[in-house]
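# Examination of the molecular architecture
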Amino acid sequence: MSDPIRVLIVGTGGMAHAHASAYQAMEGVELVGGVDRNPENLHEFNAQYGITHGFDSVIEAIQWGEFDAVSNVTPDAVHFPTTMPLLAAGKHVLCEKPLAVTYQDAAQMAVAAQAAGVVNMVNLTYRNIPAIMEAQRLVASGAIGEVRHFEASYLQSWLTQPAWGKWDEEEQWLWRLSSKHGSLGVLGDVGVHILDFTTFVAGADSAAVSCRLRTFDKAPGGQIGAYVLDANDSATMQVQLTNGAIGVVHASRYASGHMNDLRLRVFGTEGGLDVRWEDNQSVLRACLGDQIGTAAWEYLEVPPVQTNYVGFIEAIRAGQSVLPDFARGATLQRALDAAVLSDGDGCRDIVLG
């Protein structure tokens, strides 16, 4: 075994535990430091994972320097200012999604990562779902012919029930409802996943987007403490892809009956695929070949896939690039920016040049 990969965790909120647990399960990986401006959160996180070094800022951690790679698990608006100095310091970075809050920032991050020659990856976690990866392989192999139409959804209900905690009392949820605290709402939080797995499976990027966003009243005066609850709660989009296919995409935090469910249906000239992630189960159905004549669907076996965390570490060891990278994150952010622009301008069609 070569020298261990030393990992720094930036941001010690809820999602940071998934990162830390994943790294702890790997041989040859050490969690060596944590960064958080909240000393209580940082202390509790470091104690839980046996991390011996804690820092108030990324700059302080860089001055220490005893780490090779970073998981950036900060709120959306903090990704850019924390990642850029890490890239300049030559550190490998796995950044949570969305990569940034604007295409301009995301593009700068992609350019800086390329110039630094480091492994850079966006944690689009649904690349870890076997059904999505197998669906992408099938489309790329020509199994459904030319893609013509698609429909995709990402449905959550944490604004209607407390299964994951009380959204109106806990900071890990409240910040996601406030643009002041860096949130792009459901569009940025889970809409980025929809756009990624839809375009990834379909094999083409977004060419044009029209969008409607809606923020619903959730508290008197639209505010709880320091959190102004102005980020969007539901999003609907019509999307045209660069291969000419068109489809609809929607997401909501008000989808009662759905804890955390994803669906994607892709239709081509020679067949269709139905991808689902529901109740933490990965399912893929297909209607191919002679089945088209009777509209018969069959369940397909899907091989397991490695997680983004494993892919990130393996890429560092191999000195190779890995997908989805920062360039992919910037491409997705361009579509998200177009969606916001469309909503603010009468839901008109925004062409991505």
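Structural data are supplied above this passage.
Residues numbered from 1 in each chain as written. Predicted model: local features only at pLDDT ≥ 70, side-chain atom pairs only at ≥ 80, totals over all residues. Heavy atoms only, no water.

## Quick word on unusual backbone geometry
Looking along the chain, the bond that leaves Lys 97 and enters Pro 98 is cis, with omega of -15°. Among the structural elements, Pro 98 can be located in the loop between strand 5 (92-96) and helix 5 (103-116). The backbone of Asp 279 shows a phi angle near 55°, a positive value even though the residue is not glycine. Position of Asp 279 relative to the elements: it lies in the loop between strand 14 (271-278) and strand 15 (281-288). A positive phi angle is found at Ala 295, which is not glycine, with a value near 55°. Note that Ala 295 resides in the loop between strand 15 and strand 16 (298-299). For Ala 295, a relative accessible area of 53% translates into the label exposed. (Helix = DSSP H or I, 4+ residues; strand = E, 2+ residues; numbered from the N terminus. Buried < 20%, exposed > 50% of the residue type's maximum accessible area, 1.4 Å probe, protein only.)

## Considering helix 1 (residues 14-24)
Three or more residues of helix 1 are buried, namely Ala 16, His 19, Ala 20, Ala 22 and Tyr 23. Around the axis of helix 1, the buried residues are gathered within 160° of arc, so they sit on the same side. (Arc of directions from axis to C-beta.)

## So, the pattern of salt bridges
Scanning the model with the defined rule gives 18 salt bridges in all. In this structure, Asp 274 and Arg 285 form a salt bridge, with 3.0 Å as the shortest nitrogen-oxygen distance. One end of the pair, Asp 274, is in strand 14; the other, Arg 285, is in strand 15, with 11 residues separating them in the sequence. On the basis of relative accessibility, which here comes to 1%, the residue Asp 274 falls in the buried class. Among the charged side chains, a network of salt bridges with common partners joins Glu 151, Arg 263, Arg 265, Asp 274, Arg 276, Glu 278 and Arg 285. (Salt bridge = Lys/Arg side-chain N within 4 Å of Asp/Glu carboxyl O.)

## Considerations on the sheet that holds strand 11 (residues 234-241)
Strand order in this open sheet of 9 strands is 16-15-14-13-7-12-11-8-17, and the pairing throughout is mixed. Looking along the sheet, the strands with just one partner apiece sit at the ends: strand 16 and strand 17 (350-351). Both strand 15 and strand 16 contribute to a ladder of 2 bridges, which runs antiparallel. The partner of Arg 285 across the bridge, within strand 16, is Tyr 299. (Pairing = 2+ DSSP bridges.)

## A short note on empty space enclosed by the protein
In the structure shown here, the tally under the stated rule is 2 cavities of 30 Å³ or more. Estimated volume of the largest cavity: approximately 40 Å³. Listed by contribution, the elements that provide at least two residues to the lining of the largest cavity are helix 8 (185-202) and helix 10 (326-344). Considered class by class, the residues forming the lining of the largest cavity number 3 nonpolar, 3 polar and 2 charged. Put simply, the second largest cavity is a space of about 30 Å³. Ile 132, Phe 197, Leu 262, Arg 263, Leu 264, Val 275, Arg 276 and Trp 277 together form the lining of the second largest cavity. Broken down by secondary-structure element, the contributors of at least two residues to the lining of the second largest cavity are strand 13 (260-268) and strand 14. The residue makeup of the lining of the second largest cavity, split by class, is 6 nonpolar, no polar and 2 charged. (1 Å grid on protein atoms, 1.4 Å probe; cavity = no way out; pocket = protein on both sides within 12 Å on 5 of 7 lines; lining within 4 Å. Points joined across faces, edges and corners; volume = space filled by probe spheres on them. Nonpolar A, V, L, I, M, F, W, Y, C, P; charged D, E, K, R; others polar.)

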